[in-house]
Amino acid sequence: MARAPHQSTLHARVLRGWTHRGLWAWSMWPLSLLYGLLARLRRWVYRSGWATQHRVDALVVIVGNVVAGGVGKTPIVIALAQHLRTQGWTIGVVSRGYGRATADCREVRTDGHADEFGDEPLLIRRSTGVPVFVASRRADAARALLAAYPSTQVILSDDGLQHHGLQRDIEICVFDDRGVGNGCLLPAGPLREPWPRPVDLVLHSGSRPAFAGFTAPRTLVGHAVRADGSQVALATLAGPGAKPLRAVAAIAQPEKFFAMLRSAGLVLAESVALPDHASFDDWDPPHDAHFTLLCTEKDAVKLWRRNPEALAVPLQVDIEPAFLSALERLLRARLPAKLSSLHGHTTT
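Residues numbered from 1 in each chain as written. Predicted model: local features only at pLDDT ≥ 70, side-chain atom pairs only at ≥ 80, totals over all residues. Heavy atoms only, no water.

(A) Geometry of the pairing of strand β2 (residues 59-64). The buried fraction of β2 is high, at six of six residues. Residues Leu-59, Val-61 and Val-63 point to one face of β2 and Val-60, Ile-62 and Gly-64 to the other, with burial holding for every one of them. With five bridges connecting them, β2 and strand β6 (residues 154-158) associate as parallel partners. Each bridged residue has a counterpart across the sheet, and for Val-60 the counterpart in β6 is Ile-155. Pairing between β2 and strand β7 (residues 170-175): four bridges, direction parallel. Across the sheet, the residue bridging to Gly-64 is Cys-173, located in β7. (Buried < 20%, exposed > 50% of the residue type's maximum accessible area, 1.4 Å probe, protein only. Helix = DSSP H or I, 4+ residues; strand = E, 2+ residues; numbered from the N terminus. Pairing = 2+ DSSP bridges.)

Here it is in C-alpha cells:
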C-alpha cells in the first residue's frame, strides 16, 4: 500500500495515543491544559460581549464536531440540505472553504474549481443545488448568502462548532466510531473542547455509537460515477475480466474508504492515502490503461481535472428518521423566537 508523508510513524503513534491514556497522553497533558484554557477564554470573550456574535435573518444550524479529524460532517450537510428542501424549507450553506487558494467571500459555482472554493463546498453545491457561500468568517458568508438569496430560511454551516462569530440557533455535534477517544483535549487527545458540552442534537456517523444519540451510518452506493455523470455498477468492477483497481483518497481517514471498497467486494491492487484536502497537483499516478482508478466524491471534484478517467464512488448517509423529525421540530419551535428577535434588533 502506498502511503503519503502524513502517514508517517509519528502520525500513526499520535492516533494510537489518542485512543487511551498512555505515555503520549500524559506527556502532552501540560499542553492540553493550555489548550483548554485558551478554548475557555475564547468562549468567554464571545459570551461576555467583548467579541461580537453576528445575528442573521435566518435560522442557523451548525453541523460540527468536537473530535479532531473527519467524522462525516459534509455528507451529513448534503443529506440534511436535500431532506429539508423536500420538506419545503429554503436552504443555504456556508463554509470557510478549507484548502482554497482564495481568501475573499464568494458564492460557489457548479462550474468552478476546488482551489477557488474548497473541495467540500464545491461538492455540496454540485450535490444539492442549494446556494453555498465561503468566507474566512462564516458570518460574512451568511450575510452574503442572504443578500443574494433573501428568502433563505435555514443556513447550514459545514463545521463551525468552535467558531462563535456567527450566532447559531441549533447545534448538531457529529461523532464517528472513535467516540471521544481517550477523553483528553488536544494534543493529549483528540478533543477540540471538553465533552460533554451543551448541544441540541448528537449524531453518530459510525456503526458503533459510543454513547447516546441518533445514528447516520455511511455506506457506499452500488455504483461509481464517471466525470460525465454516467454510472458504472460496482459489481462490474469486481467481475470476471475486470481491470485491477487502484484506489486513492485525500480525506481525514482514507483507510475507512478503502475498507468500504473491500466490503463491497472490490479487490484493491493498490491504495494510496494522501493528506486530507490534498490538491493532487503533486500526485502523478501512472497512466496505466490496465488499471481502474477509484476515488471519493470529495476527491473527484479535484482529481477529474487531471485524471478524467477516474471513477468516484459516492457515499450514502442513512440518517435516522427520528433525528430528522427532531431537527424539524426544533426549527419550527425556534422560528418564532428568531423572527421576534430580528424585529427587536438591527442585524449586526
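(B) Molecular detail of the sheet that holds β6. Pairing is mixed in the open sheet, where eight strands are placed in the order β4-β5-β3-β6-β2-β7-β8-β9. Every other strand in the sheet has two partners, leaving β4 (106-107) and β9 (214-215) as the edge strands with one partner each. The pairing of strand β3 (residues 91-95) with β6 spans four bridges and is classified as parallel. Bridging from a neighbouring strand, Gly-92 pairs with Ile-155 of β6. Taken strand by strand, helix α3 (residues 73-86) contacts β2, β3, β6, β7 and β8 (201-204), and its axis lies near 170° from that of β6. (Contact = heavy atoms within 4.5 Å. Axes fitted to C-alpha atoms, helices over the stretch in contact; angles between N-to-C directions.)

(C) Here's a closer look at the pairing of strand β15 (residues 292-296). With five of five residues buried, β15 is to be regarded as a mostly interior element. Strand direction decides the pairing type here: strand β13 (residues 245-249) and β15, joined by three bridges, are parallel. Within β15, the residue paired with Arg-246 across the bridge is Leu-293. Between the parallel elements β15 and strand β16 (residues 311-313), the chain passes through helix α9 (residues 297-306) in a crossover that is right-handed. (Right-handed = clockwise from strand over helix to strand, strands pointing away.)

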